[in-house]
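Read off the chains here:
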Amino acid sequence: MLLKDVFLQVKNVSKSFFGNRVLSNVSAELKPGEFLALIGENGAGKSTLINLITGIYSYDEGEIWIDGKLCKTITPAEAQRLGIYTVRQELSINPVLTVAQNVFLGHEILKYGLADKREMERITRELLDSVHLNHIDPKQDAGTLTMAEKQMLEFCKAVYQNPRLLVLDEATSALDDDQVEILFGKLRELQKKGLMVIFISHRLHELYELCNMMTVLKDGQQIVTEPIQSLDEDRLISLMTGRAIEDLFPAKRDGEKLRRGPELARIENGAFGKCKNISFTVKKGEILGIGGLQGQGQQTFLECLFGMRKLEKGTMLLEGEPVTLKGPSDAMNRGIAYLPAERKTEGLFVSHSIAFNLTFACLGELCNAMSTIRKKKEKEEIHQAFTSFSIKANGPNQIISELSGGNQQKVVLAKWLARNPKLLLLNEPTRGIDVGTKKEIYELMAGLAEKGVSIVMISSDTMELIGMCDRVITVYENQINCELLGNELTEESLVKASVFRRDIK
């Protein structure tokens, strides 16, 4: 029988940085077995609140009570000792250690003073099996795992510590629907034993599926805390942004007209990675989506188009001419840009400034004949990026890691668009980004397409593919399974084409 005592109580907590108040009089409480959804746009204060609860920051005003004790100051180690663990979007997996070593990092089981590898691998095997990762060997290097598998491994690490309160901060951002359901099943199992969860996700349907309470933050203020059933999606979006949900995506264009238009890129009978006999086209000014379940080969399509993966067989054409891409630099020179799924590790230099990141991809264009940077031109490019993308920051010299996820994504996009690409490849362009920033990126994509830029995008968000794409091809077991456009492009048809084999038209 679950205890009724309050485990966590946050009372009128406030926090400021350099005189800027980022959290003001926020309150929350959790009892054993309660799952709280914490939602708001990037910059609303969600991460700050979590960092106060987990001991990363100290609070300025108010009180935080944990397990009946007033915590005037708390460290991350003390928070973990009290049973509070966090699974974040920014993964802490060490790629050169084994899966088992990652699970037990800092908590090794010792036998005769040495790490008991056999026992740690046995327990890791049980943890992996509990979330249907039976195919993963505890002895393999964690760097060989997919992004989704790494996120599930982070969850296993936390579960092993037997947490009382588990904070999931965009912990499902790389998971497909089946993996999310497996994760939720494990959480519900632990809920019966009293587990509490604070759940942050920009996938709104997940909040409704898992949580029983919801707190909405906006600009550091607590807008509402209510039972989740009392907040439908339309009201929720309005509370967060002042916009209705139907306003999220731009108006649809005439897909048939685009399909009859000029062709920008084509792959005929291509083979790359595990993908064989791949043929598809990208029209000028078209937004082409690539859908399907995680791990079906979608990413290799973008990697091939960007020269990261060799076209082993078949033909690639750009604007009607056969090309052989020798690498990403060759693709860039031909007007192709690629936004990766893992922006922090593949898309940004997180320890450098915004200015450095914005201009890195176009240094050649900024240099004069003496190979020195034209400072005036550089400042113009940076100013243009800040203005066009509404980047929220203290200035161009701010370190990129200090920005919210949405603003980091804007920097990655601005960096590539400074090169005026003809073909823009987007891998999960809005993963882990709030609704307001999503809308900004959607409008930007639509504007680029109207100007003739072709876009190929991968997204695990079904509604995003439907709302943004003129045409979608689905990939099933490394093969193109179906092509959908116009009235055929519905949630039902897209899901069916992702899980059932079907001949392409």
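Our subject is the structure that appears above.
Right, let's walk through the structure included here.

How each quantity is defined
- Residues numbered from 1 in each chain as written.
- Predicted model: local features only at pLDDT ≥ 70, side-chain atom pairs only at ≥ 80, totals over all residues.
- Heavy atoms only, no water.
- Phe/Tyr/Trp six-rings, centres within 6.5 Å; stacked < 30°, edge-to-face > 60°.
- Helix = DSSP H or I, 4+ residues; strand = E, 2+ residues; numbered from the N terminus.
- Buried < 20%, exposed > 50% of the residue type's maximum accessible area, 1.4 Å probe, protein only.
- Pairing = 2+ DSSP bridges.
- Axes fitted to C-alpha atoms, helices over the stretch in contact; angles between N-to-C directions.
- Contact = heavy atoms within 4.5 Å.

### A short note on the packing of aromatic side chains
For step 1, the next point in the chain: In the structure shown here, the tally under the stated rule is 7 aromatic pairs.
For step 2, the next point in the chain: Measuring from centroid to centroid gives 5.5 Å for Phe-306 and Tyr-338, while their planes differ by 40 degrees, and the two rings are tilted. Pair noted here: Phe-306 is in the loop between helix 10 (298–305) and strand 16 (313–318) and Tyr-338 is in strand 18 (residues 336–339), with a separation of 32 residues, a long-range link. Tyr-338 carries the same exposure label as Phe-306, and that label is buried.
For step 3, the next point in the chain: Ring geometry for Phe-306 versus Trp-416: centroids 5.9 Å apart, planes at 85 degrees, classification edge-to-face. Placement of the pair is Phe-306 in the loop between helix 10 and strand 16 and Trp-416 in helix 16 (residues 405–417), with a sequence separation of 110 residues.
For step 4, the next point in the chain: Looking at Phe-306, the relative accessible area reads 5%, which means it is buried.
For step 5, the next point in the chain: An aromatic cluster is built from Phe-272, Phe-280 and Phe-301, whose rings are joined through pairwise contacts.

### Details of unusual backbone geometry
For step 1, the next point in the chain: The phi dihedral of Asn-12 falls on the positive side, at around 45 degrees, and the residue is not glycine.
For step 2, the next point in the chain: Tracing the chain through its elements places Asn-12 in strand 1 (residues 8–17).
For step 3, the next point in the chain: Residue Asn-12 is classed as partly exposed on the basis of its relative accessible area of 44%.
For step 4, the next point in the chain: Residues other than glycine seldom take positive phi values, yet Asn-269 does so here, at roughly 50 degrees.
For step 5, the next point in the chain: Its relative accessible area of 49% is what places Asn-269 among the partly exposed residues.

### Let's talk about the sheet that holds strand 22 (residues 479–485)
For step 1, the next point in the chain: Here 6 strands make up an open sheet; going across it, the order is 18-19-20-15-21-22 and the pairing mixed. Across the chains shown, the open sheet's two edge strands, defined by having one partner strand only, are strand 18 and strand 22. Strand after strand, the sheet turns through a mean of 20 degrees between neighbouring axes, direction not considered.
For step 2, the next point in the chain: Sheet topology places strand 15 (residues 287–291) next to strand 21 (residues 471–476); 4 bridges connect them, and they run parallel. Within strand 21, the residue paired with Ile-290 across the bridge is Ile-473.
For step 3, the next point in the chain: Across the face of the sheet, helix 10 comes into contact with strand 15, strand 18, strand 19 (423–427), strand 20 (454–458), strand 21 and strand 22 while running at roughly 150 degrees to strand 19.

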